[in-house]
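Letter by letter, the chains look like this.
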Amino acid sequence: MIRQPKRGTRNVNDCFYDFEAEQIDRLNEIFGNIELSRSEERTLVWLAGWEESTVKNVISAIRKAMAAEAIRLEQPSRP
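One numbering rule holds for all chains: residues counted from 1, following each sequence as written. Per-residue local features of the predicted model are confined to residues with pLDDT of at least 70, and side-chain atom pairs are confined, for both listing and counting, to 80 or more; whole-chain, interface and lining totals are unaffected and use all residues. Side-chain metrics rest on all non-hydrogen atoms present in the structure, leaving aside hydrogens and water.

(A) Representation of the packing of aromatic side chains. Stacked, tilted and edge-to-face pairs are distinguished by plane angle, under 30 degrees for stacked and over 60 for edge-to-face with tilted covering the rest, among Phe, Tyr and Trp rings (Trp via its six-membered ring) whose centres lie within 6.5 Å. Taken as a whole and assessed by the stated rule, the structure comprises 1 aromatic pair. Between W46 and W50, the ring centres sit 5.6 Å apart and the planes meet at 75°, which makes this aromatic pair edge-to-face. Relative accessibility under 20% of the residue-type maximum defines a buried residue, over 50% an exposed one, and the middle range a partly exposed one, all with a 1.4 Å probe and only protein chains included. Note on W46: relative accessible area 54%, which makes it exposed.

The following block contains the structure:
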């Protein structure tokens, strides 16, 4: 799960924190309670600071990859 850094720990305004929180919520729809490394979480918090369309496109690509993997796993093994 991605956790937003506490307010006041970075040089950004309250509007940024509010926007970032919404983006993190979107990302957490994908990552949920998956335990992430500190590095992974930092990268995803960084991503959450980008514009909304960027985050939505990354989420869309992840969902497509997840769906493709699920289909691949349903296929019978090759001899």
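(B) Broad picture of the environment of K56. Numbering of helices and strands runs from the N terminus, with a helix taken as a DSSP run of H or I at least four residues long and a strand as a DSSP run of E at least two residues long. Mapping K56 onto the fold places it in helix α3 (residues 52–74). In this structure K56 comes out as partly exposed when scored by relative accessible area, which is 42%. When the C-alpha positions of K56 and L27 are compared, they lie 8.7 Å apart, and in sequence the two are 29 residues distant.

(C) The packing of helix α1 (residues 14–31) against α3, seen in detail. Axes, fitted as lines to C-alpha atoms, cover a helix only where it is in contact. Angles between the N-to-C directions of the axes lie from 0 to 180 degrees. The interhelical angle for the contact between α1 and α3, taken along N-to-C directions, is 5°, at an axis separation of 10 Å. One way to sum up the angle between α1 and α3 is to call them roughly parallel. Residues F19, Q23, R26, L27, E29, I30 and F31 of α1 lie in contact with α3, whose contacting residues are E52, V55, K56, I59, I62, R63 and M66. Residue type decides the class: Asp, Glu, Lys and Arg count as charged, Ala, Val, Leu, Ile, Met, Phe, Trp, Tyr, Cys and Pro as nonpolar, and the leftover types, Gly among them, as polar. Residues of the contact of α1 with α3, tallied by class, amount to 8 nonpolar, 1 polar and 5 charged. Oblique is the label for every angle not falling under 35 degrees (roughly parallel), over 145 degrees (roughly antiparallel), or within 65 to 115 degrees (roughly perpendicular). Contacts: residue pairs with any heavy atoms within 4.5 Å of one another.

(D) Representation of helix α2 (residues 38–48) in the model. Inspection of α2 places E41, L44, V45, L47 and A48 among the buried residues, and these make up the whole buried set. Buried residues of α2 fall within an arc of 155° about the axis and therefore sit on the same side. In α2, the exposed positions angled more than 90 degrees off the buried face are occupied by R38, R42 and W46. Tucked into the core, α2 has its buried residues touching α1 and α3. Arc, as used here, means the arc of the directions from the helix axis to the C-beta atoms.

(E) Examining the pattern of salt bridges more closely. Any Lys or Arg side-chain nitrogen located within 4 Å of an Asp or Glu carboxyl oxygen qualifies as a salt bridge. Scanning the entire structure with this criterion turns up 8 salt bridges. Residues R26 and E52 are paired through a salt bridge, measuring 2.8 Å at the closest nitrogen-oxygen approach. Pair noted here: R26 is in helix α1 and E52 is in helix α3, with a separation of 26 residues, a long-range link. With its nearest N and O atoms 3.1 Å apart, the salt bridge here joins K56 to E52. You can see K56 and its partner E52 sitting in helix α3, 4 residues apart, about one turn around the helix. Connected via shared salt-bridge partners are R7, D14 and D18.

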